Amino acid sequence: MKILVCMKQVPQKDAPLELNETGTWIREDVSYEVNEPDAYALEEALRQKEKHGGEVVVITAGPARAAQVLREALAKGADRAIHLEDHAFVGLDPFNTAQAFFAAIKDEKFDLIFTGLQSDDYGYAQTGVILAELLGWPHATIIMQIEKSDSGIRVKRELEAGYFQFVDIPLPAVLTIQSGINKLRYATLIGIKQAKNKPLRKVIMPEVQSAIGGNLQKIERLYVPQKAKNTEIIEGPPGEVAKKLVDKLRNEVRVL
Amino acid sequence: MPAIKFRGVDFLEFDALLSDDERLVRDTTRKFIEENLVPIIEECNRAGRFPRELVQPMAELGYFGASLKGYGCAGMSNVEYGLVMQELERGDSGVRSFVSVQSALVMYPIYAFGSEEQKSLWLPALQKGEKLGCFGLTEPDFGSNPGGMRTRARKVDKRYVLNGEKMWITSGSIADVAIIWAKVEDENDKVRGFIVETDRPGFKADDVHGKWSLRASVTSGLSLQDVHVPECNLLPASSGLRSPLMCLNQARYGIAWGGVGAAMACYDCALQYSLLRKQFRDQPIASHQLVQEKLAWMITEITKAQLLVLQVGRLKDADKVEHQHISMAKRNNVWMALECARMARDILGANGIADDYPIMRHLMNLESVKTYEGTHDIHTLILGSSVTGIDAF
Ligand SMILES: Cc1cc2nc3c(=O)[nH]c(=O)nc-3n(C[C@H](O)[C@H](O)[C@H](O)COP(=O)(O)OP(=O)(O)OC[C@H]3O[C@@H](n4cnc5c(N)ncnc54)[C@H](O)[C@@H]3O)c2cc1C
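Residues numbered from 1 in each chain as written. Chains lettered and ligands numbered in written order. Predicted model: local features only at pLDDT ≥ 70, side-chain atom pairs only at ≥ 80, totals over all residues.

Draft legend 1. Highlighting the overall build of chain A. What chain A contains, in helices and strands, is seven helices and 11 strands. Dimensions along the principal axes, computed over C-alpha positions, put chain A at roughly 75 × 50 × 40 Å. Here chain A, with 256 residues, has 35% of them falling under the buried criterion. (Helix = DSSP H or I, 4+ residues; strand = E, 2+ residues; numbered from the N terminus. Buried ≥ 20, exposed ≤ 12 C-beta atoms within 10 Å, placed from the backbone.)

Here it is, written out as structure tokens:
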């Protein structure tokens, strides 16, 4: 099985964030890490390869610093990497990002494409789904398990309230992977050393430019929510106080 | 108090001096330690238990003999190896000691002084953690002056017979194999190294109890009474006291990095604590000048220590390092780590002595680290001898 894993570099979860000068995004100089569900997607791809053979290719779209995500993936066992390297990918909408991936992999023949369920920064959960549409492939989201079957694969999707759905899908297909589907491995020291010799293809903007239109996402303003505290004392006989309290909880605070 | 989580320490863009791979090695090790050692270390420390369950995972990650080439070893650079040691010791000096001994004091001498048969028999097994090793140099009466050792090897036909006592031996009772340094009677009492399987008749290991330091690492006394080993167990290229000192140089280099790790753990914890803890007028204790002075001292010394040990590592990678460089790094970095631990302990007040926080454990551990692998003062004498040309031992 030949599997492509789309991976994104996002600001570290517990990094202290500061707004940029225009107040439209965060400052560039924070610490970054692999988007969490993408790490699980990579792990799942590596496990599928270990079971069924094949190749695992990783792809990212982002500035030079995003190469760290690919290096780590190669160190964990991916076979090769593709880097769409441009700062313009920071803050690009999922439709255009999917278009760029689509253009970059047009000469490849994958059996499966994995993405993480969603990114920890924007949280659209769309890139994988749109990529499937562009390819004309079936897709399934929030995947918790993948088994090879005679006709393709059988996947387990996480629904709400503890329900799961099992779906049979033909290949090729796109799956968006849920965090916790497996247990992540660490890059070994030997893996890190071997990663140096694995192929990393750089794709520059002009190669995919024609596939990309204007950014469909625009952030007007980003701000830290103001903490506001308001204390109101309801007075009167207990019965009335209780009534007013229930009314407030139901209609104002809407927690009942 | 909310839980305090380690965030790393980088005041002077130290990371910019590292390559991408070096950072990846550091970050991966940090993650491994955070997820696998940090959750259990206080329990291990209380119980005086070596976390044996980590041997296998550490072997798989390639931590044993990481800087050696071939035999399944990772072939890391010295800087990369150092960063692993830093992160291990950020977790616990005892666990770092275990890895140091396995790598620098057991695998390295076999690698450097062993025959091809010895290397291919032992190195892959030690790398995989299937076999554990220990290093027996110190004796009850000879610590700083190992040249006085009494352990003797006598040649009888095609065997050597070993007799003697070794003391303060890390991993002694859990080791499958011991590198024993002994004076060879037929060679004018020249010190040579022997590979001694610990299940040979006459070999005994008894743990040191009542340690208040390195409690997550095993420390034992070894007794060898007429232990027979075949002559092929002699490390053929070992020759004189220089050989064990070469091993110690490897280990000391790793300790110099380890000191940075332990200091980072204490500093970062104290910094976070000082911002949360409020005294007088509801102000964080970090707002007091006397507390800030301690934090300023720590971050300055940690930063200097990082630069010092990185330069030693770069020299080592270029094959230009000298033993006095390593002595300077070991002496300075362990001293500054111990001072950081003491100051951090102070900043945490009463909380500083409890094992809800890692500081007291680091403090107690570092007391051993200051002593072993050449005491602080012995390294002073090595530096003194290096700059004056006069030995003052
Ligand atoms: C937890 C732990 C683990 C250890 N693991 C190992 C191991 O795995 N293998 C091994 O072989 N050893 C090991 N050691 C032993 C360690 O290397 C020795 O403790 C160390 O070399 C110091 O020797 P000593 O304790 O006999 O102290 P001593 O040599 O008696 O020194 C005591 C004091 O005297 C000072 N001193 C000694 N000589 C001089 C001098 N000429 N001038 C000025 N001051 C001097 C020292 O600096 C020190 O302050 C371990 C020790 C500990 C505590």
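So, next bit.
Draft legend 2. How the structure looks around the site of the ligand. The environment of the ligand is formed by 21 residues, the closest being Leu137, Thr138, Gly143, Ser144 and Thr170 of chain B. Tallied by class, the residues present in the shell around the ligand amount to 10 nonpolar, nine polar and two charged. (Near = placed C-beta within 6 Å. Nonpolar A, V, L, I, M, F, W, Y, C, P; charged D, E, K, R; others polar.)

Draft legend 3. Inspection of the interface of chain B and chain A at higher detail. The partner chain A presents 12 residues to the 14 residues of chain B that form the contact. Only helix H1 (20-36) and helix H3 (55-61) of chain B provide two or more residues apiece to the side of chain B that touches chain A. No other element matches H1 of chain B, which puts seven residues into the side of chain B that touches chain A. Of the residues in the side of chain B that touches chain A, the class split is seven nonpolar, three polar and four charged. (Contact = placed C-beta atoms within 7 Å.)

Draft legend 4. Up close: the packing of helix H4 (residues 78-91) of chain B against helix H8 (residues 289-317) of chain B. Residue and element names in this part refer to chain B. Axis separation between H4 and H8 bottoms out at 8 Å; the angle between their running directions is 140°. Judged by the angle between their axes, H4 and H8 are oblique. Contact residues: Asn78, Val79 and Gly82 in H4; Val309, Leu310, Gly313, Arg314, Lys316 and Asp317 in H8. Here the contact of H4 with H8 is composed, by residue class, of three nonpolar, three polar and three charged. (Axes fitted to C-alpha atoms, helices over the stretch in contact; angles between N-to-C directions. Parallel < 35°, antiparallel > 145°, perpendicular 65-115°, else oblique.)

Draft legend 5. Region of interest: the sheet that holds strand E11 (residues 200-203) of chain A. All names here are of chain A. Here nine strands make up an open sheet; going across it, the order is E9-E8-E7-E10-E6-E1-E4-E5-E11 and the pairing mixed. The open sheet is flanked by strand E9 (164-170) and E11, the only strands paired with a single partner. Put simply, the sheet's adjacent strands are angled 35° from each other on average, direction ignored. Relative to E11, strand E5 (residues 80-85) is paired through four bridges, and the arrangement is parallel. Residue pairing for E11: Leu84 is matched across the bridge by Val203. Strands strand E1 (2-6), strand E4 (55-62), E5 and E11 of the sheet are contacted by helix H3 (residues 94-104), whose axis makes an angle of about 135° with E4. (Pairing = 2+ DSSP bridges.)

Draft legend 6. Spatial organisation of helix H10 (residues 359-371) of chain B. Residues and elements named next belong to chain B. An ideal rise of 1.5 Å per residue puts 18 Å on 13 residues; H10 measures up with 19 Å between its terminal C-alpha atoms. Most of H10 sits out of view: 10 of its 13 residues are buried. The inward-facing, buried residues of H10 abut helix H2 (38-47), helix H5 (93-113), helix H7 (242-276), helix H9 (323-347) and helix H11 (376-388). Positive phi appears at Glu373, one or two residues downstream of H10, with a value of about 60°. (Expected span 1.5 Å × (residues − 1).)

Draft legend 7. Local environment of the domain arrangement of chain B. Residue and element names in this part refer to chain B. We note that the domain assignment places domain 1 (14-127), domain 2 (133-233) and domain 3 (242-388) within chain B. Between domain 1 and domain 2, the C-alpha centre-to-centre distance is 23 Å. Every contact between the two is made by 24 residues of domain 1 and, on the other side, 16 residues of domain 2. Mapped onto the side of domain 1 that touches domain 2, the elements with two or more residues apiece are H2, H5 and helix H6 (116-127). Looking at which element gives the most residues to the side of domain 1 that touches domain 2, the answer is H5, with 12 residues. Of the residues in the side of domain 1 that touches domain 2, the class split is 14 nonpolar, seven polar and three charged. (Domains from an automatic or database assignment.)

Draft legend 8. Seen up close, the packing of H9 of chain B against H10 of chain B. Residues and elements named next belong to chain B. Close contact between H9 and H10 brings their axes to 9 Å; oriented N to C, the two are set at 155°. Classed by the angle they form, the pair H9 and H10 counts as roughly antiparallel. Of the two elements, H9 crosses H10, and the hand of that crossing is left-handed. Contact residues: Val334, Trp335, Ala337, Leu338, Ala341, Arg342, Ala344 and Arg345 in H9; Ile359, Met360, His362, Leu363, Leu366, Val369 and Lys370 in H10. (Left-handed = near helix turned anticlockwise from the far one by under 90°.)

Draft legend 9. Spatial organisation of the confidence of the model for chain B. On average, residues of chain B carry a pLDDT of 97, and 99% of them reach 70 or more. In the model output, the complex is listed with pTM 0.92 alongside ipTM 0.91. (pLDDT = per-residue confidence, 0-100.)

Draft legend 10. Main features of H3 of chain A. All names here are of chain A. In terms of burial, H3 is a largely internal element, eight of the 11 residues being buried. Looking at H3, one finds that the buried residues are Pro94, Phe95, Asn96, Thr97, Ala98, Gln99, Ala100 and Phe101. Residues of H3 that are buried make contact with E1, E4, E5, helix H4 (127-135) and helix H6 (205-208).

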